[in-house]
Amino acid sequence: MAKVLVTRKIPGNGVKILQDAGYEVEVGQQDSPMERAELLQKVVGCDGVLTQLQDKVDEEFIKAAGSNLKVVANFAVGFDNFKMEDIQNHNLAATNTPDVLTEAVAEHTFALIFAITRRVVEADIIAHKQSQAFGPEVLLGMELKGKTLGVLGLGRIGGRVAEIGKCMGMNVIYYDVKQNSEFEQKVGAAFKAVPEDLLKEADVVSVHVPLLDSTKHLMNAERLGMMKNTAYLVNTSRGPVVDEAALTQALKDHVIAGAALDVFENEPKLAPGLESLMNIVVTPHIASATIEARSAMGELAAKNIMAVLNGEPPLTPVHK
Ligand code: NAD
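Structure report, in brief. Since the structure is predicted, the reported quantities are computational estimates derived from the model, not experimental observations.

1. Details of the site of the ligand
In the neighbourhood of the ligand, 25 residues make up the surrounding shell, with Val77, Ile157, Asp176, Val209 and Asp262 lying closest. For the ligand, an oxygen atom lies 3.0 Å from a polar atom in the backbone of Arg156. Coverage of the ligand by the protein amounts to 89% of the 870 Å² it exposes when considered alone. Residues belonging to the shell around the ligand are distributed by class as follows: 11 nonpolar, nine polar and five charged.

As structure tokens, then:
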């Protein structure tokens, strides 16, 4: 009987799908990522592993699992926890969960855009104190209609964020390593050939690139300095895409008006000084945290494992 490890409890039918397929399924029970030592011990003899972002899949992991291992299925669209070279050297299948979380992440991106531009979190704290009534100049924010949304990385999520921006009456500009003329015509978005042109124009910059060597600290001090001092930065992609120390300084110096982040360089920690600033809104990597998305992610990951263990191609493979 094939053995599958699900490294952490997941919502929805993912585990049931694997059990109904007749596999011996072990599920990590703790409400935190599995410790490395325990993970390396639990993967021994597994044919498939349903991994979380915090589970690093590298040579050590693959060696610990042994020769039965055929597939690692990530419960995420990003797979920066996978050392793809090691995975491919061992001819293992690797998969992710694209598409099923696009809507959830795009909607959360807008939740953050509204929260920072309309100062929702600050206002909530003040309202709880019951000391502030209506005031003509109290908690002024920025309207989105007619403003420019700059999307960095027009993939699945960036594309959906651009569409929602259009619905809000925003002008949409984007930068991506690949131009998408069809999308430009369909949605009415304008391509910028270099990120700098986008940064100078946008009132809201929303980041949706994958974490790669080429995108680490894409938003650094220099690029933050190119943004308007009235503009906002939103990041729901991966923490290291933004240089958090540089962002902290930029927010302190009012180089930009504010920022909203769902992801951080050293989760769950924030860069020193960030936690005390009021011109930032932070959420703990919850952009895909809807019942719909998380259930579908678990089911897709389970189906990827089943496909590979049945000798079929995985539904959503990832490559280097
Ligand atoms: P995707 O692959 O569909 O889109 C990524 C886009 O970025 C592509 O169009 C690609 O061409 C572009 N790109 C790559 N390198 C670039 C560069 N240097 N400059 C500009 N563009 C570049 O991915 P997606 O499904 O839209 O996911 C986007 C991001 O969101 C990923 O980083 C993913 O890890 C992250 N994500 C986060 C959460 C969360 O919970 N916060 C959930 C899902 C996805």
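2. As for the nonpolar core
Formed by 50 residues in total, the largest nonpolar core has its most connected members in Val6, Leu18, Leu50, Phe110, Leu149, Val151 and Val204. When residues of this core are assigned to their parent elements, the largest contribution, eight residues, is made by helix H5 (residues 102-117). In this structure, this core is formed jointly by two domains, domain 1 (3-98 + 291-309) and domain 2 (102-282), each of which donates at least three residues. Apart from residues no more than four positions distant in its own chain, Leu18 is found in contact with Val4, Val6, Tyr23, Val25, Leu50, Ala302 and Ile305. Residues Val205, Val207, Phe264 and Ile280 belong to the second largest nonpolar core, which totals 28 residues.

3. Things to note about the packing of aromatic side chains
Aromatic ring pairs: the centre-centre distance and the angle between the two ring planes describe each pair. One pass over the structure, following the stated rule, counts two aromatic pairs. With centroids separated by 5.2 Å and ring planes inclined at 50°, the aromatic side chains of Tyr174 and Phe191 adopt a geometry described as tilted. Placement of the pair is Tyr174 in strand S7 (residues 171-175) and Phe191 in strand S8 (residues 189-191), with a sequence separation of 17 residues. By relative accessible area, which is 0% here, Tyr174 ends up buried.

4. Brief notes about the packing of H5 against helix H7 (residues 156-167)
Orientation of H5 relative to H7, taken along the N-to-C sense of each, is 50°, at an axis distance of 9 Å. Judged by the inter-axis angle, H5 sits oblique to H7. The handedness of the crossing between H5 and H7 is right-handed. Note on element contacts: H7 touches H5 through Arg156, Ile157, Arg160, Val161, Ile164 and Gly165, opposite Thr102, Glu103, Val105, Ala106, Glu107, Thr109 and Phe110. Of the residues belonging to the contact of H5 with H7, the class tally is six nonpolar, three polar and four charged.

5. Considering the sheet that holds S8
As summarised here, the arrangement of the seven strands in space is S8-S7-S6-S9-S10-S11-S12, forming an open sheet in which the pairing is parallel. In this open sheet, the two edge strands, each paired with only one partner strand, are S8 and strand S12 (280-282). Taking the axes of each pair of neighbouring strands and ignoring which way they run, one obtains an average angle of 15° across the sheet. Pairing of S7 with S8 involves three bridges; the strand directions are parallel. The partner of Tyr174 across the bridge, within S8, is Phe191. Across the sheet, H7 touches strand S6 (148-152), S7 and strand S9 (204-207), and the angle it forms with S6 is around 175°.

6. Considering the side chain of Lys192
Structurally, Lys192 can be placed in the loop between S8 and helix H9 (195-201). A polar contact is formed between the side chain of Lys192 and the side chain of Glu201, at a distance of 2.9 Å. Lys192 has contacts with Ile173, Tyr174, Tyr175, Asp197, Leu198 and Glu201, leaving out every residue within four places of it along the chain.

7. Quick look at the pattern of salt bridges
Pairing is possible between side chains that carry opposite charge, provided their charged atoms lie close to one another. Counting across every chain of the model gives 17 salt bridges. Between Asp47 and Lys70 there is a salt bridge, and its shortest N-O distance comes to 3.0 Å. Note that Asp47 is positioned in the loop between helix H2 (36-42) and strand S3 (48-51) and Lys70 in the loop between helix H3 (59-65) and strand S4 (71-74), a separation of 23 residues in sequence. Close ionic contact of Arg160 with Glu103 constitutes a salt bridge, the shortest N to O distance being 2.8 Å. Of this pair, Arg160 sits in helix H7 while Glu103 sits in helix H5, placing them 57 residues apart in sequence. Residue class for Arg160 comes out partly exposed when judged on its relative accessible area of 25%. Via salt bridges that share partners, Glu103, Arg160, Glu163 and Lys186 belong to a single interconnected network.

Conventions we followed
- Residues numbered from 1 in each chain as written.
- Predicted model: local features only at pLDDT ≥ 70, side-chain atom pairs only at ≥ 80, totals over all residues.
- Heavy atoms only, no water.
- Near = heavy atom within 4 Å.
- Polar contact = N/O pair within 3.5 Å; in protein donor to acceptor, adjacent residues only side chain to side chain.
- Areas by Shrake-Rupley, 256 points an atom, 1.4 Å probe, with all protein chains shown as cover.
- Nonpolar A, V, L, I, M, F, W, Y, C, P; charged D, E, K, R; others polar.
- Core = buried A, V, L, I, M, F, W, Y, C linked by side-chain atoms within 4.5 Å.
- Buried < 20%, exposed > 50% of the residue type's maximum accessible area, 1.4 Å probe, protein only.
- Helix = DSSP H or I, 4+ residues; strand = E, 2+ residues; numbered from the N terminus.
- Domains from an automatic or database assignment.
- Contact = heavy atoms within 4.5 Å.
- Phe/Tyr/Trp six-rings, centres within 6.5 Å; stacked < 30°, edge-to-face > 60°.
- Axes fitted to C-alpha atoms, helices over the stretch in contact; angles between N-to-C directions.
- Parallel < 35°, antiparallel > 145°, perpendicular 65-115°, else oblique.
- Left-handed = near helix turned anticlockwise from the far one by under 90°.
- Pairing = 2+ DSSP bridges.
- Salt bridge = Lys/Arg side-chain N within 4 Å of Asp/Glu carboxyl O.

Taken by themselves, the reported measurements are silent on function.
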